[in-house]
Amino acid sequence: MEIRNATEEDLPSIIEIYNDSIPAGRSTADTQPITVTGRMEWFRQFDPKKRPIWVAVEDGRVVGCVYLSSFYAGRPAYDKTAEISTYIATSHQGKGLGTQLKQAMIEACPDLGVENLISMYFDHNDVTQRLNDKLGFEPAGHLSEIADVQGQKRGLMISILRIPKTK
Ligand SMILES: CC(C)(COP(=O)(O)OP(=O)(O)OC[C@H]1O[C@@H](n2cnc3c(N)ncnc32)[C@H](O)[C@@H]1OP(=O)(O)O)[C@@H](O)C(=O)NCCC(=O)NCCS
């Protein structure tokens, strides 16, 4: 398994993995598939030195991705805070890859200038909850019933990991 910075050529695979997670209604607030064209601008704002997007590649196929997004529209006071997101191909879920990708990004945080890592996820996303607990994230908030997902009211969990300074 290779983990590397994503390129624009990886975007269709990233979008496919993301779209595959929509029907379960547990992972994203998007309710309709997104498109490669519609996400090109989003993809281009990633910066390998500060806000990277990485892919996991197995036998030449992208099977997962992890990325950091600027928190609160990137306002400067939040420069050291980033949101982490992880998406694994359905065929590769539950095999430790999410743990591996997220752990690798956590370890890179000091070099990326990130001191506070935020994870936001629906309150019925038990796998993300378990993964975050395992990696040391702490609960930071729960906004109950703020989303309508497939006709059900769902809440948003916010958890945080403080990254020890190594430099
Ligand atoms: C959430 C996600 C990133 C986790 O990655 P993963 O590779 O499937 O998870 P891992 O195999 O690393 O397992 C993480 C933990 O969750 C548990 N887990 C994994 N799949 C599970 C399942 N289907 N049911 C219950 N627990 C599960 C694992 O046992 C592990 O805990 P443990 O080490 O204490 O046993 C991945 O499942 C995914 O992409 N899901 C769809 C998209 C999504 O929800 N992304 C997060 C958006 S906020």
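Structural data are supplied above this passage.
It should be emphasised that the depicted structure is a prediction, and the values quoted were computed from it without experimental measurement.

Peer 1: Teacher, can you tell me more about the site of the ligand here?
Peer 2: Taken together, 19 residues are adjacent to the ligand, and Ile-88, Gly-94, Gly-96, Gly-98 and Thr-99 come closest. One of the backbone N or O atoms of Gly-94 is found 2.8 Å from an oxygen atom in the ligand. Within the contact set of the ligand, an oxygen atom lies 2.5 Å away from a side-chain nitrogen or oxygen of Thr-99. Expressed as a share of its isolated accessible area of 920 Å², the protein-covered part of the ligand is 73%.

Peer 1: Is there a simple way to explain the sheet that holds strand S2 (residues 53-58) in this structure?
Peer 2: Whether parallel or antiparallel, the strands of a sheet pair through hydrogen bonds between backbone atoms. Read across the open sheet, the 7 strands follow the order S1-S2-S3-S4-S5-S7-S6; overall the sheet is mixed. Two strands close off the open sheet at either side, each with one partner strand: strand S1 (2-5) and strand S6 (138-149). For this sheet the average axis-to-axis angle between neighbouring strands, irrespective of direction, equals 25 degrees. Bridge count between S2 and strand S3 (residues 61-70): 6 bridges; the pairing is antiparallel. Bridge pairing in S3 links Glu-58 to Arg-61.

Peer 1: Where do I start with the pattern of salt bridges in this structure?
Peer 2: Under the counting rule described, the total for this entry stands at 4 salt bridges. A salt bridge links Asp-30 to Arg-39, with the shortest nitrogen-to-oxygen separation between them at 3.5 Å. A salt bridge links Asp-148 to Lys-153; the nearest nitrogen and oxygen atoms lie 3.3 Å apart.

Peer 1: I tried to follow the packing of helix H1 (residues 11-20) against helix H2 (residues 36-44) on my own but got confused; where do I start?
Peer 2: Packed helix pairs are specified by the crossing angle of their axes together with the interaxial distance, meaning the distance between the axes. Viewed as axis vectors pointing N to C, H1 and H2 meet at an angle of 110 degrees, and their least axial separation amounts to 10 Å. Judged by the angle between their axes, H1 and H2 are roughly perpendicular. Residues Leu-11, Pro-12, Ile-14, Ile-15 and Tyr-18 of H1 form the contact with H2, whose participating residues are Val-36, Arg-39, Met-40, Trp-42 and Phe-43. Within the contact of H1 with H2, the residues separate by chemical class into 9 nonpolar, no polar and 1 charged.

Quick notes on the rules
Residues numbered from 1 in each chain as written. Predicted model: local features only at pLDDT ≥ 70, side-chain atom pairs only at ≥ 80, totals over all residues. Heavy atoms only, no water. Near = heavy atom within 4 Å. Polar contact = N/O pair within 3.5 Å; in protein donor to acceptor, adjacent residues only side chain to side chain. Areas by Shrake-Rupley, 256 points an atom, 1.4 Å probe, with all protein chains shown as cover. Pairing = 2+ DSSP bridges. Helix = DSSP H or I, 4+ residues; strand = E, 2+ residues; numbered from the N terminus. Axes fitted to C-alpha atoms, helices over the stretch in contact; angles between N-to-C directions. Salt bridge = Lys/Arg side-chain N within 4 Å of Asp/Glu carboxyl O. Parallel < 35°, antiparallel > 145°, perpendicular 65-115°, else oblique. Contact = heavy atoms within 4.5 Å. Nonpolar A, V, L, I, M, F, W, Y, C, P; charged D, E, K, R; others polar.

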